[in-house]
Amino acid sequence: MSLARILLDSAATTALVATMALSAPSARADDKVSIMVGGYEKQIYLPAKLTEALGYFKDEGLDVELLNEPAGVDAENEMLAGAVQGVVGFYDHCIDLQAKGKFVESIVQFSQAPGEVELVSTKHPEIKSPADFKGMSLGVTGLGSSTNFLTEYLAVKNGLKLGDFTSVPVGAGTTFIAAMQQDKIQAGMTTEPTITRLLKTGEASVLIDMRTMEGTKAALGGTYPAASLYMQTDWVEAHKDIVQKLANAFVKTQKFINTHSGAEIADKMPQDYYVGDKEGYVKALDAGKAMFTPDGIMPEGGPETVLTVLSAFKKELQGKQIDLSKTYTSEFVKNAK
């Protein structure tokens, strides 16, 4: 063999090896998953960051990118646009989207209660029930968000029409607090740790508490599955191996939550999540920990309650046949290892 041919073969081999090296990451591109969280500092969405902190994603060989979007409706839109593969948000979006011809399903059901509280500014003691919302500005994370859904339901259930009050998108945390302090909202729906912060300063009081199963059933008429990991059905069907790994990781986290104290869980979370009050964060977590499912399985009767709630005020759902079996799946959590 000539020297020229040997050099040519060697160059070709080197080029082939380089090409294979460059293409290797793309061959494993499916192992990278982007998940949008509707405010990952909220305790209701704690499983997302906790799973990352515990290393359960890596244990499954997944490269999961968690992205933050304060309003659940915006997270949903990011997923529908293909910017992310999944959303950690409320299950009710799965029902709402089916009415619009889009099929999305809950893969892991994190909670069986919303973990939400309707707070009233102490400047407005005249608000004693949702019937008193008439003419008021009510804080929600975003228009079309689950806090907006629940606010509208509570108002309609208490005899009001949707035009009797104004929903104001104020996010959560400091933006929600500022809106209440400045009287831009007279009441609003939010989660921990925002709840504890406003109660501690005496700037708000609890009107309706849906952090517990008892409070949820009293307000909404039954078990209300809320925080979940949901994904587009087509994507799930095409990536079952990846979805199973995600379910494996999250089910481990659900078990961790149910077998550890609020203090032990808080120690795994970023310090800025405490907002300068770790004691309050832990107290709120211990009080609300029962909202989380022990195994990620959809609670029996839960989807029916959510459909009843949404149908009370959403015209898109009234008179429509919704196939609840297509809004969630227990396949992956039941097979979780």
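In case you missed it, the structure is sitting above this.
Here's what I pulled together on the structure shown here.

### Details of the overall build of the protein
Each helix and strand in the protein was counted, giving 15 helices and ten strands. For the protein, buried positions account for 55% of its 337 residues. Put simply, 80% of the contacts in the protein that link residues at least 6 apart link residues at least 24 apart. On the protein, roughly 14,600 Å² of surface is accessible, and the fraction owed to carbon and sulfur atoms is 53%.

### A closer look at the environment of F90
Within the secondary structure, F90 is located in strand β3 (residues 86-90). If we skip the residues at most four places from it in the chain, F90 touches I44, Y45, P114, E116, S146, L150, A226, A227, S228 and Y230.

### Points about the layout of surface pockets
Over the atoms rolls a probe the size of a water molecule, and its path tells where empty space is left. There is about 220 Å³ of room inside the largest pocket. As for the largest pocket, its lining consists of 15 residues, and the residues nearest its centre are E41, A172, G173, T174 and T194. When contributions to the lining of the largest pocket are tallied by element, the ones reaching two or more residues are α7 (174-181) and α8 (194-201). Within the lining of the largest pocket, the residues separate by chemical class into five nonpolar, five polar and five charged.

### A closer look at the packing of helix α6 (residues 146-157) against helix α9 (residues 213-220)
Put simply, α6 and α9 touch, their axes get as near as 11 Å, and they point 55° apart. Compared by their axis directions, α6 and α9 come out oblique. Residues L150, Y153, L154 and K157 of α6 pack against A218, A219 and L220 of α9. Classifying every residue of the contact of α6 with α9 gives six nonpolar, no polar and one charged.

### Examining α7
Every buried residue belonging to α7 is among F176, I177, A179 and M180, and all of these are buried. Viewed end-on, α7 has its buried residues packed into an arc of 160°, placing them on one side of the element. The inward-facing, buried residues of α7 abut β5 (116-121), β6 (137-140), β8 (187-190), α8 and β9 (204-210). Where α7 ends, the next residue or the one after it, D183, has phi of about 60°, a positive value.

### Here's the deal with the side chain of T327
Position of T327 among the secondary structure elements: in the loop between α14 (302-311) and α15 (331-334). A polar contact is formed between the side chain of T327 and the side chain of Y91, at a distance of 2.6 Å. For T327, the side chain forms a polar contact with the main-chain oxygen of L324, separated by 2.6 Å. Contact partners of T327, with chain neighbours within four places excluded, come to Y91, C94, I95, Q98, V104, E105 and S106.

### Side note on the pattern of salt bridges
A complete count under the given rule lists twelve salt bridges for this structure. The salt bridge involving D267 is made with K278; its shortest N-O contact spans 2.5 Å. Of the two residues, D267 sits in the loop between α12 (262-266) and α13 (278-288) while K278 sits in helix α13, which places them eleven residues apart along the sequence. The exposure class assigned to K278 is partly exposed, which follows from its relative accessible area of 35%.

Definitions and cut-offs
- In this numbering scheme, every chain counts its residues from 1 along its sequence in written order.
- Given that the model is predicted, a residue must reach a pLDDT of at least 70 before its local features are reported, and side-chain atom pairs must reach 80 or more before they are shown or counted; all residues, however, enter totals for whole chains, interfaces and linings.
- Only hydrogens and water are removed before side-chain values are computed, so all heavy atoms of the structure are retained for them.
- Think of it this way: any DSSP run of H or I at least four residues long counts as a helix, any run of E at least two long counts as a strand, and we number them from the N terminus.
- Throughout, exposure labels follow a simple rule: accessible area from a 1.4 Å probe, protein chains only, divided by the maximum for the residue type, with under 20% read as buried, over 50% as exposed, and the rest as partly exposed.
- Throughout, a residue-residue contact means that at least one pair of heavy atoms, one from each residue, lies within 4.5 Å.
- The protein chains shown are the only cover counted for residues, whose accessible areas, like all others here, come from Shrake-Rupley with a 1.4 Å probe.
- Cavities and pockets are found on a 1 Å grid laid over the protein atoms alone: a cavity is a set of points where a 1.4 Å probe fits but cannot escape, a pocket is an open set with protein on both sides within 12 Å along at least five of seven lines, and a lining residue has an atom within 4 Å of such a point.
- Grid points are joined across faces, edges and corners, and a volume is the space filled by probe spheres set on the points.
- When residues are sorted by character, Ala, Val, Leu, Ile, Met, Phe, Trp, Tyr, Cys and Pro go into the nonpolar class, Asp, Glu, Lys and Arg into the charged class, and all the rest, Gly among them, into the polar class.
- In this analysis an axis means a line fitted to C-alpha atoms, helices contributing only their contacting stretch, and an angle means the value between N-to-C directions, from 0 to 180 degrees.
- Every angle not falling under 35 degrees, over 145, or within 65 to 115 is termed oblique; those three ranges are roughly parallel, roughly antiparallel and roughly perpendicular.
- By construction, the arc corresponds to the directions joining the helix axis to the C-beta atoms.
- N or O atoms within 3.5 Å of each other form a polar contact, as long as, within protein, one can give a hydrogen and the other can take it, and as long as residues adjacent in sequence are counted only when both atoms are side-chain atoms.
- What makes a salt bridge here is a side-chain nitrogen of Lys or Arg within 4 Å of a carboxyl oxygen of Asp or Glu, nothing more.

None of this, on its own, says anything about what the molecule does.
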